[in-house]
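Chain by chain, the residues run as shown.
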Amino acid sequence: MTRMSLPAPVARLIEELSRLPGIGPRTAQRLAFHLLRSAPELAQNLATALQNLHLQTVWCSRCFNLSEQDPCPVCEDPERDQDRICVVEEPLDLLAIERTGLYAGLYHVLHGSLSPLEGRNVEDVKIAELVERLRARPVEELILAMDADHEGDTTASYVAQVSAAFASRITRLARGLPTGADLEYADESTIASALQGRQDSS
Ligand SMILES: [Zn+2]
């Protein structure tokens with residue numbers, strides 16, 4: 001006797017969707033059936049967006065920002081202040097600082113923070129790349145714009161220590177950010193005042 005099971009393409013989609021963070025099997029099923037019942041364009045547009053995600057983006061080889069070109073537009077822009085580098089944990093933090101319109105220097109994206117307890121160590125983030133960059137061209141100011149949490153503090157202290165020889169001044173965003181706050185979710189005026197009130201890192 002034949003027992004009906006899900007057609008293979010549907011099962012496959014559910015399996016792939018379930019691999020995404022925050023999506024359990026039940027949500028994956030709901031999404032798959034939503035796509036099946038919707039106009040085919042919805043699935044097609046999603047597929048195209050997914051395909052282009054990696055094809056049309058790169059990590060900038062200088063600052064490790066997410067970009068459609070390498071070097072990224074910020075690194076390429078001669079009008080940006082080459083003597084200032086702002087160090088952030090994630091690309092979305094960089095965008096949050098850009099939105100304030102108050103910063104004209106360059107960036108360096110670490111892609112994470114140090115958390116020895118969770119197994120995130122120096123080699124897991126782009127700190128060596130930052131030091132190499134600074135060694136090649138020291139800066140007047142290195143701005144540490146880490147999240148206002150324990151990992152952010154640990155990361156900022158470490159970066160300050162290994163960069164000390166290559167920056168005339170190392171500053172950290174002022175403590176306007178609520179403790180534990182993710183920079184990317186802070187509102188513009190909070191980031192703006194944290195940036196303007198930045199202090200020498202101790
Ligand atoms: Zn760049």
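Read on for a plain summary of the structure. (Residues numbered from 1 in each chain as written. Predicted model: local features only at pLDDT ≥ 70, side-chain atom pairs only at ≥ 80, totals over all residues. Heavy atoms only, no water.)

Okay, the side chain of Arg-133 next. Relative to the elements of secondary structure, Arg-133 occurs in helix 6 (residues 127–136). For the buried Arg-133, which has no salt bridge, the nearest side chain bearing the opposite charge is Glu-132, at an N-O separation of 9.9 Å. If near-sequence neighbours (up to four positions away) are discounted, Arg-133 is found in contact with Arg-62, Cys-63, Ile-85, Leu-106, Tyr-107 and His-108. (Helix = DSSP H or I, 4+ residues; strand = E, 2+ residues; numbered from the N terminus. Buried < 20%, exposed > 50% of the residue type's maximum accessible area, 1.4 Å probe, protein only. Lys, Arg positive; Asp, Glu negative; His and termini not counted. Salt bridge = Lys/Arg side-chain N within 4 Å of Asp/Glu carboxyl O. Contact = heavy atoms within 4.5 Å.)

Before going further, it helps to examine the environment of Glu-76. Relative to the elements of secondary structure, Glu-76 occurs in helix 4 (residues 73–76). According to the relative accessible area criterion, Glu-76 is partly exposed, its value standing at 46%. Residues Glu-76 and Arg-62 lie 14 residues apart in sequence; the distance between their C-alpha atoms is 9.9 Å. For Glu-76, the residues in contact, after removing those within four places along its chain, are Gln-69 and Pro-71.

Among the seven residues of strand 5 (residues 139–145), six are classified as buried, and the element is accordingly described as predominantly covered. Looking at chain direction, strand 3 (residues 81–88) and strand 5 are connected through five bridges and run parallel. In the strand pairing of strand 5, Cys-86 is matched with Ile-143. Note that strand 5 and strand 6 (residues 167–172) share five bridges and pair parallel. Opposite Leu-142, over in strand 6, you have Ile-170 as the bridge partner. Taken together, strand 5, helix 7 (residues 150–163) and strand 6 constitute a β-α-β crossover, and its handedness is right-handed. (Pairing = 2+ DSSP bridges. Right-handed = clockwise from strand over helix to strand, strands pointing away.)

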